[in-house]
Amino acid sequence: MSTSPAPTPAPSAARLSSARAFWLKQLHQWHWISASVSLVGLILFAITGFTLNHAARIPAEPVVVERTATLPAPLLERLADFPAETTDPVPDALARWAEGALDVAIAGRTTETTEAEIYVALPRPGGDGWMTLDRQTGEALVEVTTRGPIAYLNDLHKGRDTGAAWSLFIDVFAGACLVFALTGLALLVLHARNRRMTWPLVSLGLLIPLILALIFIH
């Protein structure tokens, strides 16, 4: 006559307490590390979230600066070998001259080149800019527009014309914020038993934006 296997004993209260203590320690550690990494970014993005939401009410006086220079004859002659119609960057020698004479970095930038002129867009956070070079006379003109520090910070928030390094920072920052949020959620789960308002408040944080989106956003 076969006998049924004995039931597996339930984990002891001591083991459960030990496991809970382990996870609490791990979650608290990752929570404060991710908070430390993302703290300054969170403050920046919170402030610029507000300024972006009220951008129309925040005055900004654009400042336009123009600079002109004439390309030296030897460099102008070398442009004869540059294609008449292309989007290729300008030759390195021309880029070095522009940086020294006009204080603009155009090396490696896409151009809009025709037989008459070379045009280089110079977008930047908080402003705009461009450079033109007359291929016949060598006359170069640079125009740079800035819209102030708030516009600059707003563009950092949006990642507008900020380059690869800032784009990488946003990715790392987003990852740190995600770790911060998920470890916070896990801590809520572990502590919810002793804090009755945990899930009502979490639900409220979900319902408020959901209701606003469904009713007021069309």
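Just so it is clear, the structure is predicted and the values come from calculations on it, not from any experiment.

K.L.:
Account for the overall build of the chain, naming residues and giving values.
P.N.:
A count of helices and strands for the chain gives six helices and five strands. Ordered by position from the N terminus, the helices and strands of the chain form the series α-β-α-α-β-β-β-β-α-α-α. Radius of gyration (C-alpha) of the chain: 29 Å, far over the 17 Å computed for a compact globule of 218 residues. Principal axes of the C-alpha set define a box for the chain whose edges measure 105 × 50 × 35 Å. The buried share of the chain, reckoned over its 218 residues, is 27%. Pairs at least 24 residues apart make up 57% of the contacts formed inside the chain by residues separated by at least 6 positions.

K.L.:
Outline the pairing of strand β3 (residues 117-121), listing residues and values.
P.N.:
Residues Ile118 and Val120 point to one face of β3 and are all buried, whereas Glu117, Tyr119 and Ala121, pointing to the other face, are not buried. Here β3 runs beside strand β4 (residues 127-134); their pairing, made up of five bridges, is antiparallel. Residue pairing across strands places Tyr119 opposite Thr132, the latter belonging to β4. Between the antiparallel neighbours β3 and β4 lie five residues, among them Gly126 with a positive phi of about 75°.

K.L.:
Could you give an account of the packing of aromatic side chains, naming the residues involved and the relevant values?
P.N.:
A full pass over the atoms with the stated rule returns five aromatic pairs. Seen from their ring centres, Phe45 and Phe173 are 4.9 Å apart, and the 20° between their planes marks the pair as stacked. You can see Phe45 sitting in helix α1 (residues 13-53) and its partner Phe173 sitting in helix α5 (residues 163-191), a full 128 residues away along the chain. For Phe45, a relative accessible area of 15% corresponds to the buried category. The interplanar angle of 40° and the centroid separation of 4.7 Å between the aromatic rings of Trp166 and Phe169 together place this pair among those described as tilted. Placement of the pair is Trp166 and Phe169 together in helix α5, with a separation of three residues, close to one helical turn. Aromatic ring contacts, followed pair by pair, group Phe45, Trp166, Phe169 and Phe173 into a single cluster.

K.L.:
Could you give an account of the packing of α5 against helix α6 (residues 198-216), with specific residues and numbers?
P.N.:
Between α5 and α6, whose axes approach to 10 Å, the crossing angle comes to 145°. On α6, the residues that touch Leu185, Leu188 and Val189 of α5 are Thr198, Trp199 and Val202. Split into classes, the residues belonging to the contact of α5 with α6 amount to five nonpolar, one polar and no charged.

K.L.:
How would you summarise the confidence of the model for the chain if you had to cite specific residues and measurements?
P.N.:
Mean pLDDT over the chain works out to 91, with 94% of the residues at or above the 70 mark. The least confident element of the chain is α1, whose mean pLDDT is 90; the most confident is β3, at 97.

Definitions and cut-offs
Along each chain, the written sequence defines residue order, and numbers are assigned to residues from 1. Reporting in this predicted model follows two pLDDT cut-offs: at least 70 for local features of residues, and 80 or more for side-chain atom pairs to be given and counted; totals over whole chains, interfaces and linings ignore these cut-offs and use all residues. Hydrogen atoms and water are omitted, and side-chain values are computed over all heavy atoms in the structure. Helix and strand labels come from DSSP, where a helix needs a run of H or I of at least four residues and a strand needs a run of E of at least two; each type is numbered from the N terminus. Within these notes, the globule rule equals 2.2 Å times the number of residues to the 0.38 power, and the radius of gyration is based on C-alpha atoms. Burial status follows relative accessibility: with a 1.4 Å probe on protein chains alone, a residue under 20% of its type maximum counts as buried, one over 50% as exposed, and anything between as partly exposed. Contact definition: two residues touch when any of their heavy atoms are within 4.5 Å. Any two strands with at least two DSSP bridges between them are considered paired. Aromatic rings from Phe, Tyr and Trp, taking only the six-membered ring of Trp, are treated as a pair when their centres fall within 6.5 Å; an angle between ring planes under 30 degrees marks them as stacked, one over 60 as edge-to-face, and anything in between as tilted. Think of each axis as a best-fit line through the C-alpha atoms, taken over the contacting stretch in the case of a helix, with angles from 0 to 180 degrees between the N-to-C directions. Each residue is assigned to one of three groups, with Ala, Val, Leu, Ile, Met, Phe, Trp, Tyr, Cys and Pro labelled nonpolar, Asp, Glu, Lys and Arg labelled charged, and all others, Gly among them, labelled polar. Confidence of the prediction at every residue is given by pLDDT, a number between 0 and 100.

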